[in-house]
Amino acid sequence: QVQLVESGGGLVQPGGSLRLSCAASGFTFSSYAMSWYRQARGKGRELVAGISSAGGSTTYGDSVKGRSTISRDNAKNTVYLQMNSLKPEDTAVYYCNAHYRTYDYWGQGTQVTVSS
């Protein structure tokens, strides 16, 4: 059974930091590209960051570039998203995604709220 379980979300003040984690199981994690997406209330889902299967290539959405770092640990079947200098507009549900060829899996999401 495929599972992607996100954790690490919560309430943080503007300028603060959070580290999201996504623990994967039920598939060959090291074969999959992993990504973080987010969806704010009333808006569409947008790419935050992506990382290749071996971790050698990363990509970032313009809204988080320079403030976020995606990484993965294939030994632990986990992908991370470190977010710094958080802004109120970063408030959203953050989703973990695994992608390989025609296979596409999603987690349930973790809420990140940036507010004073």
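Presented here is a report on the structure given in the accompanying data block. What you are looking at is a predicted structure, and each value in this text was computed from that prediction instead of being measured.

## Re the sheet that holds strand 3 (residues 18–25)
Here comes step 1: Spatial strand order, 1-3-8-7: four strands in an open sheet with antiparallel pairing. Only two strands of the sheet have a single partner each, and these edge strands are strand 1 (3–7) and strand 7 (68–73). Across the sheet, the mean angle separating the axes of adjacent strands is 15° when strand polarity is ignored.
Here comes step 2: By the bridge criterion, six bridges tie strand 7 to strand 8 (residues 78–83) in an arrangement that is antiparallel. When the bridges of strand 8 are listed, Ile-70 appears paired with Leu-81.

## Side note on the environment of Gly-26
Here comes step 1: Positionally, Gly-26 belongs in the loop between strand 3 and strand 4 (33–39).
Here comes step 2: In sequence terms Gly-26 and Gln-1 are 25 residues apart; their C-alpha atoms lie 5.0 Å from each other.
Here comes step 3: Leaving out residues up to four positions away in the same chain, Gly-26 has contacts with Gln-1 and Val-2.

## Topic: the packing of aromatic side chains
Here comes step 1: Per the counting criterion, the structure on display carries six aromatic pairs.
Here comes step 2: Three or more aromatic residues link up through ring pairs in this structure, and these residues are Phe-27, Phe-29, Tyr-32, Tyr-100 and Tyr-105.
Here comes step 3: Above the ring of Tyr-95, the side-chain terminus of Arg-45 is found at 3.9 Å from the ring centroid.

## Notes on the side chain of Arg-67
Here comes step 1: Inspection of the secondary structure assignment puts Arg-67 in the loop between strand 6 (58–60) and strand 7.
Here comes step 2: A residue is classified by how much of its surface remains accessible, and Arg-67, at 12% relative accessible area, is buried.
Here comes step 3: Within the local environment of Arg-67, its side chain forms a polar contact with the side chain of Asp-90, the two groups lying 2.8 Å apart.
Here comes step 4: Once residues lying within four places of it in the same chain are set aside, the contact partners of Arg-67 are Gln-82, Met-83, Asn-84, Ser-85, Leu-86, Lys-87 and Asp-90.

## Digging into the nonpolar core
Here comes step 1: Residues Met-34, Trp-36, Val-79, Leu-81 and Tyr-94 are the most contacted members of the largest nonpolar core, which totals 27 residues.
Here comes step 2: Looking at this core, the elements with two or more residues in it are strand 3, strand 4, strand 5 (45–51), strand 8, strand 9 (92–100) and strand 11 (110–114).
Here comes step 3: For Tyr-94, the residues in contact, after removing those within four places along its chain, are Glu-6, Leu-20, Trp-36, Tyr-37, Arg-38, Val-48, Leu-81, Met-83, Gly-109, Thr-110 and Val-112.

Conventions adopted
- Residues numbered from 1 in each chain as written.
- Predicted model: local features only at pLDDT ≥ 70, side-chain atom pairs only at ≥ 80, totals over all residues.
- Heavy atoms only, no water.
- Pairing = 2+ DSSP bridges.
- Helix = DSSP H or I, 4+ residues; strand = E, 2+ residues; numbered from the N terminus.
- Axes fitted to C-alpha atoms, helices over the stretch in contact; angles between N-to-C directions.
- Contact = heavy atoms within 4.5 Å.
- Phe/Tyr/Trp six-rings, centres within 6.5 Å; stacked < 30°, edge-to-face > 60°.
- Lys NZ or Arg CZ within 6 Å of the ring centre and 35° of its normal.
- Buried < 20%, exposed > 50% of the residue type's maximum accessible area, 1.4 Å probe, protein only.
- Polar contact = N/O pair within 3.5 Å; in protein donor to acceptor, adjacent residues only side chain to side chain.
- Core = buried A, V, L, I, M, F, W, Y, C linked by side-chain atoms within 4.5 Å.

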